[in-house]
Amino acid sequence: MERLGFGQYAADHQFAMTYRDGQWQNPRIEPFSPLSLSPFALGLHYGQTVFEGMKAFRQDNGKIAIFRPDRHHERFNHSLARMCMPPVPADWFIDGLKALVDIDRAWVPDGDGQALYIRPFMFATEARLGLKIAEEYEFMIVTTPVEGFYPKPIKVKVETEYVRAAEGGTGMAKCGGNYGGALYPTQLARQAGYEQVIWTDAKNHEYLEELGTMNLMLIQNGTVVTPPLRGTILDGITRDSLLTLAAHLGLPVEQKALTVTDLQNGLVDGSITEVFGAGTAAIVAPISTIGIHGKDYNLPTLDQPLHRTLKQSLLNIQHGKSHDCFGWNVLV
Ligand SMILES: *Cc1c(COP(=O)(O)O)cnc(C)c1O
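So, here is what we can say about the structure in this document.

The rules we used
- Residues numbered from 1 in each chain as written.
- Predicted model: local features only at pLDDT ≥ 70, side-chain atom pairs only at ≥ 80, totals over all residues.
- Heavy atoms only, no water.
- Near = heavy atom within 4 Å.
- Polar contact = N/O pair within 3.5 Å; in protein donor to acceptor, adjacent residues only side chain to side chain.
- Areas by Shrake-Rupley, 256 points an atom, 1.4 Å probe, with all protein chains shown as cover.
- 1 Å grid on protein atoms, 1.4 Å probe; cavity = no way out; pocket = protein on both sides within 12 Å on 5 of 7 lines; lining within 4 Å.
- Sits in = over half its atoms within 2 Å of the grid points.
- Nonpolar A, V, L, I, M, F, W, Y, C, P; charged D, E, K, R; others polar.
- Core = buried A, V, L, I, M, F, W, Y, C linked by side-chain atoms within 4.5 Å.
- Buried < 20%, exposed > 50% of the residue type's maximum accessible area, 1.4 Å probe, protein only.
- Helix = DSSP H or I, 4+ residues; strand = E, 2+ residues; numbered from the N terminus.
- Contact = heavy atoms within 4.5 Å.
- Axes fitted to C-alpha atoms, helices over the stretch in contact; angles between N-to-C directions.
- Parallel < 35°, antiparallel > 145°, perpendicular 65-115°, else oblique.
- Points joined across faces, edges and corners; volume = space filled by probe spheres on them.
- Arc of directions from axis to C-beta.
- Expected span 1.5 Å × (residues − 1).

**Points about the site of the ligand**
Then, in step 1: Every one of the 15 residues lining the ligand counts as a neighbour, but Lys174, Tyr179, Glu210, Thr238 and Thr280 are closest to it.
Then, in step 2: The side chain of threonine 280 places a nitrogen or oxygen atom 2.6 Å from an oxygen atom of the ligand.
Then, in step 3: Compared with its free state, where it exposes 380 Å², the ligand has 97% of that area covered by protein.
Then, in step 4: In this structure, the ligand is accommodated by the largest pocket.
Then, in step 5: Taken together, the residues of the shell around the ligand break down into 4 nonpolar, 7 polar and 4 charged.

**Structural notes on the nonpolar core**
Then, in step 1: By size, the foremost hydrophobic cluster in this structure holds 31 residues, and its most contacted members are Phe76, Val88, Phe93, Val101, Ile118, Met122 and Phe139.
Then, in step 2: Tallying contributions element by element places helix α3 (residues 90–103) first for this core, with 5 residues.
Then, in step 3: The contact partners of phenylalanine 76, leaving out residues within four places of it in the chain, are Val50, Phe51, Glu52, Val88, Phe93, Pro120, Phe121, Met122 and Phe139.
Then, in step 4: Formed by 23 residues, the second largest nonpolar core is a distinct cluster that contains Met214, Leu263, Leu267 and Tyr297.

**Some remarks on the packing of helix α5 (residues 237–248) against helix α7 (residues 306–318)**
Then, in step 1: One way to put it is that α5 packs onto α7 with a least axis distance of 10 Å and a crossing angle of 105 degrees. By the angle class used here, α5 and α7 are roughly perpendicular. Facing Thr238, Ser241, Leu242, Leu245 and Ala246 of α5, the residues of α7 in contact are Leu310, Ser313, Leu314 and Ile317.
Then, in step 2: Taken together, the residues of the contact of α5 with α7 break down into 6 nonpolar, 3 polar and no charged.

**What to know about empty space enclosed by the protein**
Then, in step 1: On inspection of all chains with the given rule, the structure shows 2 cavities of 30 Å³ or more.
Then, in step 2: Computed from the structure, the largest cavity encloses a volume of approximately 80 Å³.
Then, in step 3: Forming the boundary of the largest cavity are Met54, Lys55, Phe57, Phe67, His72, Ile237, Thr238, Thr280, Ile283, Leu314 and Gln318.
Then, in step 4: Mapped by element, the contributors of at least two residues to the lining of the largest cavity are β4 (54–58), α5 and α7.
Then, in step 5: Per element, the largest residue contribution to the lining of the largest cavity is 3 residues, and it comes from β4.
Then, in step 6: Residues that form the lining of the largest cavity fall into these classes: 6 nonpolar, 4 polar and 1 charged.
Then, in step 7: Its volume calculated, the second largest cavity comes out at about 30 Å³.
Then, in step 8: In this structure, the second largest cavity is lined by Lys55, Gly113, Glu147, Gly148, Phe149, Ala281, Ala282, Ile283, Lys311 and Leu315.

**Quick notes on helix α6 (residues 260–269)**
Then, in step 1: Listing the buried residues of α6 in full gives Val260, Leu263, Gly266 and Leu267. Looking straight down α6, one finds that the buried residues subtend no more than 130 degrees of arc, so they occupy a single side. Away from its buried face, by an angle of more than 90 degrees, α6 presents the exposed residues Val268 and Asp269.
Then, in step 2: The inward-facing, buried residues of α6 contact β8 (154–158), β10 (215–220), β13 (272–279), β14 (283–292) and β15 (295–298).
Then, in step 3: Taken from the residues just after α6, glycine 270 is the one with a positive phi, measuring 80 degrees.

**A short note on the layout of surface pockets**
Then, in step 1: Considered as a void within the structure, the largest pocket measures approximately 850 Å³ in volume.
Then, in step 2: Residue lining of the largest pocket: 37 residues in total, with Gln196, Gly212, Thr213, Met214 and Ala281 positioned closest to the centre.
Then, in step 3: Contributions of two or more residues to the lining of the largest pocket are made by α2 (69–82), β6 (115–124), α4 (176–191), β9 (196–198), α5 and β13.
Then, in step 4: Here the element with the most residues in the lining of the largest pocket is α4; it accounts for 7 residues.
Then, in step 5: Of the volumes computed, that of the second largest pocket is approximately 430 Å³.

**Some thoughts on α2**
In an α-helix there are 3.6 residues to a turn, and that puts residues three or four apart on one side.
Then, in step 1: Taking 1.5 Å per residue as the helical rise, α2 with its 14 residues ought to reach 20 Å, and the 20 Å between its terminal C-alpha atoms agrees with that figure.
Then, in step 2: Cysteine 84 lies just past α2 and shows a positive phi near 55 degrees.

Given below as structure tokens:
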């Protein structure tokens, strides 16, 4: 399959399960189909919606493996707890995933970097217009085949006016509202010629946090550096995997707070040689230009950038080309 893009085609089936009367019921796999929902459904009005995003890869031996579904399940339940939504038990989540990918296994593409993107999500369905914690939910999983991204390096802007997440807010949760709120500042950045923003802390716009759907990583004096998780940053599984792999490859790794000024200085004096986003969709998205306070800074073009080595090492594990020494692949 060529030119799959992202999220254009739905596979044939969906998994669904209903939460009612204090328990999960009626787990089912059914044809991909539109939903029937009361216009009073609480999730449509007050934002009780949470999602995950992961991938299933075709291995070189033809088998299919889902990448780190246990970590995605854990994060899903953390997000749900923050939104007062009931947890989804691990066996339902993992078995639902496996059964769905299995029935639609023909949809898992086999090109290098291509995958079946898996979107578990949950929303409040209780039909009650007044604001309250809902007592009825639907948990669903849908899938879509996606291209292996070898994206052109992107141009981003350090955002120092708008905010994605404040301390004590919902930044660490993959809940719908975080993304709705980010659309407008991202649109403004697009109009100014940038593709995405690098968010900074809500208090002083001093510390670098992450991108729209990717964690921020950079190479500073040969060290792989990323901001620490402080409640406002999403705990990315790609971030964790790349940090683990980098250490495994013998690279120095550091989680440390980075200011906008640190970034600016590092780009000027050449100590920061690579900046990239890390997330399930692109795995690694290299950045070529960063706008800081109205001035653009260019990253050098390297022959052997570390971000490419890290991405390839991760893809090799995901496609079963190298030994899965961390036990990340779960076979379907
Ligand atoms: C999903 C997401 C990421 C990346 O997480 P992965 O688990 O690596 O896909 C990073 N930041 C935000 C805001 C996200 O929504």
